[in-house]
Amino acid sequence: MLRTDTGQTVKLDAYSETDFVFESVFLTIRLFDGSAEIESEIRLRRREGSGADAPLVLDGDELTLTFLKLDGDRLPDADYDAEPGGLTIRSLPAAEAFTLTIGTRIVPEENTKLMGLYRSNGIWCTQCEAEGFRRITYFYDRPDVLIPYKVRIEAPKVAAPILLSNGNPGETGDLDSGRHFAVWDDPFNKPSYLFAMVAGDLERVGDTFRTASGHDVTLAIFTDKGRSHQAGYAMDALKRSMAWDERRFGREYDLDVFNIVAISDFNMGAMENKGLNVFNHKYVLLDPDTATDQDYAGVETVIAHEYFHNWTGNRITCRDWFQLCLKEGLTVFRDQEFSSDERERTVQRIGSVRRLKSMQFPEDQGPLQHPVRPSEYREISNFYTATIYDKGAELVRMIATLLGPEDFRAGMDLYFERHDGDAATIEAFVKVFEDVAGIDLSSFALWYHQAGTPTLTVTEAYDEAEDRYTLTLAQSLKQGAAGTGTKPMLMPVKIGLVGPNGEDRPLNPSQGGEIREDVIQLSEAEETFVFDKVGGRPYLSVLRDFSAPVTLDHDQSESDRLALARLDPNPFNRWRILNDLIGERLAAAAGGTSEPAQNPLGDELVTAILETAGDDRLDPAFRAQVLNVPADTEIARLIGENVDPLRVYETATRARKTIATAGTQVFERLVAAAPADAAFSPDAASAGKRALANAALGFATLSDGHPDRAFARFEKASNMTDRQAALAILVFRFPEHETTHRALDAFYARYEDDALVLDKWFALQAAAPGEDTLDRVQKLSTHPRFTLKNPNRARSLIGSFAGMNPTAFHRRDGRGYAWFCERLIELDAINPQISARMATAFRAWRTLESERRAKAEDALRDLAKLPHLSRDLRDIVDRTLA
Ligand code: ARG
Ligand code: ZN
């Protein structure tokens, strides 16, 4: 029977327990060239209280049943219905436990969706989150079914000398016809989405880690042949993560082995399968010649993130997928904290806030808006979003800020103690903090249910005669696409009242309530605080460290802001204030209709930027962030309506040129201070110096107006950070220059066989601003090395064109959309998760000026009309149009 999946909506309210209770499973996976045979032996019984004749209904997806046995005997055909999408078994025992053995056959080589069991580069591997296990065998493929797994893998010895699964290794041995087997035993109860299996001819890097309680763990990273020398930094990051989780959260690793495998075809970044993390090789393999500082930081973060999931995700998992932020938001918070401790806190915070504003805010303010804890979905894969991950992390951060470090740690300890082994909910998570701190967090919990970015409105008054300062904070939330509530929510607002010498004054309001340390616990729609005898009018430094994910509406004078940019003892706010000012000025200039001013930033702001950038007492990484003006998409979001992306780009370029011209001397000095052939070390301080020098090179090139200096640096570069930065300057500023072609050709010749570097080559060219980029991208899509089958490669060209290049994607003539949609349809037939993700590039279509808006809408409506879209892509297209 052919079933067209139109996508039923799954609702949180409809949650109910399974009719049967699984006790354990023994999987035998037989791998052959061209197919795999799976035998799943499940021990189970009917749940007490569920009907004595309720059938067992198991999930499946594109499966073929080969046999079905009950306690060793074949079941009569009349007792079950097997379809590719599910298995229903009737007449099962009423009370006693029994064993079902289910045989399925699949073809990993044809699995282009990269969900379930597939083959990448000859290696058999799996991805089961969220609903991939049902593509391997019929099962209760849901996160609240927690059981021990025993796995036996059988495979040809030559193609797959390495056989891995979750847990601890067991028996191994030889079989007939050049085959062998290995058994793995995972003693920890786990849901099916954490199952993993890898088999292949892999190279191994090994190490060991002794836990705080003295347990020795064998660590290994497996890579493609000839790549293991690139896994050293990942291994180092793993050991640092393990030590950090012991120090900071008291969490030790719990198995004898911890394995990581790097795979070249992978939908996401990585996956936290118990004891066997599977990674996109982009987040494992590095060396100075092929990877940038950003890549190093990315590897460190993702390695840490997946490792931290062992406690927040695996030991305590989610009851259902609506609770996804329970593990993802919390684990992102943990990896952010790790990076802040390992690197530099302010610079890390700036990075996280930039990401939040550029990825999550547009999502929260557009058609794809959803709460951090959604209440319904059509396709769960589409909910691995910036809202679940990044806003989810912000909510945990707010709890930490509201409670303070001791209570927060006590709450986390209680969470682990109370819920170890559970499939938990957000309610259970919030409850532990209420219990340790003895407070009511119900108005905080609204953050999980109400979508949208609240506005925090700040009003100040100063009475000179009384030396009295009055601060009013008001919060409001607009109803958005999700149609959730708009009630006031408890939020921490970190503030400082700064004196003229950069000193923080005491915060003892005479009215409005107590302020603990520097945190106002704002819970009402509006609250006023009065400070008497403040010692002269202070500068208000508000929302320090971005203590709540809100839009700030603060009518603060430019002179106060520029004073704070110099004086604020909170370094994050020094950056934030400059960055906000730049964003507002550019949005005002690019959002208008008259010819933008020659210097849209204004002289004083330019001076402040240059002063900060040139101040050698400050951290170079911080100064690089000051020079990194808001992205065009961020400026577009600030404009909010009738956006002309080309005008945004031109305005931003004009501003960059003004900075470049005014700062020639500063930039010359900064470029000279960091020679491109200096020795490379990936640490944060060295990376910061490179970031500053390369930012300076960009400005210096803008005032030069020719590519020679960037090309010279490209040729001299001793590492990929400097090489790619110089190449980006060439490609972005001089796309058609002969020098740029020379550089691109040299880069290609050098890295033709290195997939990860070649991705950079495609991505840079696709991101070059200007409408003409479409023609170059079209040509690149026929390049022999281009393929839609590899997600990294597809993202590098198509994703970077649609997602990173507003000028070309939103071409006025609509050709950008037309070409992109053709690729999207091709991609959708191969890998729906990737096509759906890329289609989110349309999410801001309603904010475009009318001509582009009409073209974008036509393109989306044409997509929506197609009968064969995947459920994933259809869900995104429908919601984007709604
Ligand atoms: N849990 C993985 C992580 O560490 C992401 C897996 C996402 N998988 C998916 N099919 N969407 O964040
Ligand atoms: Zn995660």
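Residues numbered from 1 in each chain as written. Chains lettered and ligands numbered in written order. Predicted model: local features only at pLDDT ≥ 70, side-chain atom pairs only at ≥ 80, totals over all residues.

With an unreviewed UniProt entry as reference, the protein is termed Aminopeptidase N, source organism Fulvimarina uroteuthidis. According to UniProt, the comment filed for the protein under the heading Cofactor (unreviewed entry) is "Zn(2+)". Within the UniProt record for the protein, the comment given under Catalytic activity (unreviewed entry) is "Release of an N-terminal amino acid, Xaa-|-Yaa- from a peptide, amide or arylamide. Xaa is preferably Ala, but may be most amino acids including Pro (slow action). When a terminal hydrophobic residue is followed by a prolyl residue, the two may be released as an intact Xaa-Pro dipeptide." (UniProt positions renumbered as here; feature names shortened; annotations may be inferred.)

Trainee: Would you explain the site of ligand 1 in this entry?
Mentor: With respect to spatial proximity, the complete set of residues near ligand 1 consists of Glu129, Ala130, Asn267, Met268, Ala270, Met271, Glu272, His305, Glu306, Glu328, Ser381 and Tyr384. Secondary-structure elements contributing two or more residues to the shell around ligand 1 are strand S20 (270-271) and helix H2 (293-308). By residue class, the composition of the shell around ligand 1 is five nonpolar, three polar and four charged. Two domains each donate at least three residues to the shell around ligand 1, and these are domain 2 (203-310) and domain 3 (318-449). (Near = placed C-beta within 6 Å. Helix = DSSP H or I, 4+ residues; strand = E, 2+ residues; numbered from the N terminus. Nonpolar A, V, L, I, M, F, W, Y, C, P; charged D, E, K, R; others polar. Domains from an automatic or database assignment.)

Trainee: Is there a simple way to think about the domain arrangement of the protein in this case?
Mentor: Accessible area lost during the coming together of the parts is what is often quoted as the interface size. Per the domain assignment, the segments making up the protein are domain 1 (19-201), domain 2 (203-310) and domain 3 (318-449). Look at where the C-alpha atoms of domain 1 and domain 3 centre, and you get two points 32 Å apart. Of the residues lining the interface, eight residues belong to domain 1; the matching set on domain 3 comes to eight residues. Counted by class, the side of domain 1 that touches domain 3 contains four nonpolar, one polar and three charged residues. (Contact = placed C-beta atoms within 7 Å.)

Trainee: I keep staring at unusual backbone geometry and nothing clicks. Help me out?
Mentor: Note: most residues except glycine have negative phi, and most peptide bonds are trans. Backbone torsion omega between Glu129 and Ala130 reads -5°, so that peptide bond is classified as cis. Within the secondary structure, Ala130 is located in the loop between strand S11 (123-127) and strand S12 (147-156). Unusually for a residue other than glycine, Ser177 sits at a positive phi of about 50°. Here Ser177 is to be found in the loop between strand S14 (168-174) and strand S15 (179-190). On the neighbour-count criterion, Ser177 (6 C-beta atoms within 10 Å) is exposed. At Glu517, a position not held by glycine, the phi torsion is positive, near 55°. Relative to the helices and strands, Glu517 resides in the loop between strand S27 (491-498) and strand S28 (519-522). Residue class for Glu517 comes out exposed when judged on the 8 C-beta atoms lying within 10 Å of it. (Buried ≥ 20, exposed ≤ 12 C-beta atoms within 10 Å, placed from the backbone.)

Trainee: What is the right way to read the sheet that holds strand S4 (residues 56-59) from this model?
Mentor: Picture the strands of a sheet paired through backbone hydrogen bonds; they go either parallel or antiparallel. If you trace the three strands from one edge of the open sheet to the other, you get S4-S8-S7, paired in antiparallel fashion. The strands lining the two open edges of the sheet, one partner per strand, are S4 and strand S7 (80-83). Averaged over all pairs of adjacent strands, the angle between their axes in this sheet comes to 10°, without regard to strand direction. Here four bridges tie S4 to strand S8 (residues 86-89), and the two strands are oriented antiparallel to one another. (Pairing = 2+ DSSP bridges. Axes fitted to C-alpha atoms, helices over the stretch in contact; angles between N-to-C directions.)

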